[in-house]
Amino acid sequence: MQPPTAQSPRQALQQAVAEAFAEVSGFDDVDPQVTACHNNTMGDLQANAAMSVAGRIKKERGEKANPRQIAEQVVAKLGDLPMLASAPEVAGPGFINFRLAPDWVAEQATLSLASQRLGIATDGDPQRVVVEYSSPNIAKQMHVGHIRTTVIGDALARVFTFLGQDVVRQNHTGDWGTQFGMLIERLREAGGVDEADIGDLEGFYRQAKQRFDSDEDFKARARDTVVALQRGDEKERVAWQRFVDETRKHTQQVYETLGVLLTVDDERGESSYNDRLPGLTQELLDTGVAEVSDGAVVSFTDGFKAPLMIRKSNGGFCYGTTDLAAAEYRAKHLKADRVIYVVGAEQQQHFKQLFATYDKAVEQAGWPGGVTFEHAVFGNVLGHDGRKISTKNLDKSLPPDAGPEVLQLLNLLDIAVQKARSVVDEMSRDLPDDSKADLARAIGIGAVKYADLSKDRSSDYVFSFDEMLRLDGNSGPYMQYAHARVRSVLDKAAQAGVTSDGRITTLEAEEELALAKALIEFGDVVRQVAADLRPHVLCTYLYDLARAFSRFYDACPILKSEGEQRQSRLALADLAGRTIAQGLDLLGIEHPNRM
């Protein structure tokens, strides 16, 4: 049996308003553009399509149309809607404002509370969504630069899963290429292939790069080793596998510490496409998708001056070739409907060209079509000097509250937990030490993740432990405290023998109505995150929700109220706590019951 499904405010209005616009305009594909009112004194929701419809009438029919008159005609067509407290009002050039009825809001909130999924239905026609994220390089430790791709990608995968999509996680590890020839040769010189751990490998890699750039004999040996590796020679393969296995130990430790859902089974590195590259290149040549230019195989696409490199003039393949093979694999074998690449902004040009080349292969080579490829761009993590944190500018870019060890992701997380412990020791002095340790881990890791996820992914942000661990403002600890505060209220009610029948029936005070309205928007927010690939929208919603609960708590006594009002307010608090917890779950952040 399907669980009770609540209607979100936008869902409730969207269809009715769209039908009214269709009747008035004659267009059956009008998006009514239902959004939250910027000024809540005007209403709760607003439909803004009258202006665009008027423009479309003029463009397609050559007729003048007045947006305000269109809006007034739409209002007349709507008639009485049960979710509205009063008739819609037209404002300005054609905005239609709606105010929700308290009884309807209470009904939807009650339905949400009665459902394990908070009344949010799964999508009826699920898609297969492939999410590529994290993608560390083999033989290197994960560093601060990996935090964004890893936590953003994980949050998006969680959101899609919650909405009922068929999610395939892909960890496109950098496990192939010239660097492995360099590393194998350097380790052979040192006699340390079998004993090296991840820290040793990274140090040897830096030495190997220096030798490769300065020693022609070493460079030639390294290139010969790469050829042997690509050919499948046993001793090179054994050494390469040793690097992969050692790196996996490190990356899985990072994922477990972060609470990220990636596993070894999600790993599909560049090497996994190696056998496909020669045939793919020939196929692109045979179908005219690619051509030979100065000895190299390239693909020219409209809008780009330089072509996408498929095969170098020396016969070597590059990451453009591997990315094309991965795109084909995801479309053909994984049968993806939507493929999302959570990769930094520096790669925007590459992915635009990659997607254009894939489209060309669909047309000319018969590759699978109907797949949506999207690049979820993210910005840089900055130091206090406003520059990207990197080994090249360590002294200037490191935050004042961090040392060089912050570059390594595991070290960064350890420091965050240590700093969180001092916060826990101050605010939770009566907890036993083992409980303090668990709480410090939840707060420290959650603070780092939330600080990243709460920023618009396309923007840069400045790394600061002090900002991350604040107990006020839009921070992870504040959201965790908000959840713990709700749990405290419910625990006190249980201890006093006060229970709720799960019905939200009275929304008389302004603060409780505002909280209920915010709670029933949760489904719309989650779907917006899935559509726009922006987890910060969920963070902003949760922060606003926590503040709405705080205002409700201060203005509306719960345990000191009586009768129906008390049980209704207790139910409203329960729904607030469950919504905050579910939101944090979707972000991959723990929500302790006590702080």
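Residues numbered from 1 in each chain as written. Predicted model: local features only at pLDDT ≥ 70, side-chain atom pairs only at ≥ 80, totals over all residues. Heavy atoms only, no water.

Peer 1: Describe the packing of aromatic side chains, with residues and values.
Peer 2: The final tally for this structure, using the stated rule, is 14 aromatic pairs. Centroid distance Phe180 to Phe243: 6.5 Å. Interplanar angle 20 degrees. Geometry classified as stacked. One end of the pair, Phe180, is in helix 6 (residues 178-190); the other, Phe243, is in helix 9 (residues 234-258), with 63 residues separating them in the sequence. On the basis of relative accessibility, which here comes to 0%, the residue Phe180 falls in the buried class. When the centroid spacing of 5.7 Å and the interplanar angle of 25 degrees are considered together, the rings of Phe355 and Phe373 count as stacked. Taken together, the positions of Phe355 in helix 12 (residues 348-365) and Phe373 in strand 11 (residues 372-375) put the pair 18 residues apart, joining distant regions of the chain. Each member of the pair Phe355 and Phe373 is classed as buried. Here the aromatic residues Tyr341, Phe351, Phe355, Tyr358, Trp367 and Phe373 are joined through ring pairs into a cluster of three or more. (Phe/Tyr/Trp six-rings, centres within 6.5 Å; stacked < 30°, edge-to-face > 60°. Helix = DSSP H or I, 4+ residues; strand = E, 2+ residues; numbered from the N terminus. Buried < 20%, exposed > 50% of the residue type's maximum accessible area, 1.4 Å probe, protein only.)

Peer 1: Give me the layout of surface pockets: which residues, what numbers.
Peer 2: Of the pockets and cavities examined, the largest pocket occupies roughly 1,500 Å³. Lining the largest pocket are 39 residues, with Ser135, Asn137, Lys140, His143 and His146 positioned closest to its centre. If you list the elements that add at least two residues to the lining of the largest pocket, you get helix 5 (147-162), helix 7 (198-214), helix 11 (319-332) and helix 12. For the lining of the largest pocket, the element with the most residues is helix 7, which contributes three residues. Among the residues making up the lining of the largest pocket, the classes are represented as 10 nonpolar, 19 polar and 10 charged. Taken together, 31 residues line the second largest pocket, and the ones lying closest to its centre are Asn40, Ala514, Lys517, Ala518 and Glu521. Elements with a minimum of two residues in the lining of the second largest pocket: helix 1 (9-25), strand 1 (34-36), helix 18 (510-519), helix 19 (522-532) and helix 20 (536-555). (1 Å grid on protein atoms, 1.4 Å probe; cavity = no way out; pocket = protein on both sides within 12 Å on 5 of 7 lines; lining within 4 Å. Points joined across faces, edges and corners; volume = space filled by probe spheres on them. Nonpolar A, V, L, I, M, F, W, Y, C, P; charged D, E, K, R; others polar.)

Peer 1: Could you give an account of the packing of helix 18 against helix 21 (residues 563-587), naming the residues involved and the relevant values?
Peer 2: Where helix 18 contacts helix 21, the axes come no closer than 10 Å and their chain directions differ by 40 degrees. The handedness of the crossing between helix 18 and helix 21 comes out as left-handed. Contacts from Glu512, Leu515, Ala516 and Leu519 of helix 18 reach helix 21 at Arg569, Leu572, Leu575, Ala576 and Thr579. When grouped by side-chain class, the residues that make up the contact of helix 18 with helix 21 number six nonpolar, one polar and two charged. (Axes fitted to C-alpha atoms, helices over the stretch in contact; angles between N-to-C directions. Left-handed = near helix turned anticlockwise from the far one by under 90°. Contact = heavy atoms within 4.5 Å.)

Note that all results are geometric; they support no functional claim without further evidence.
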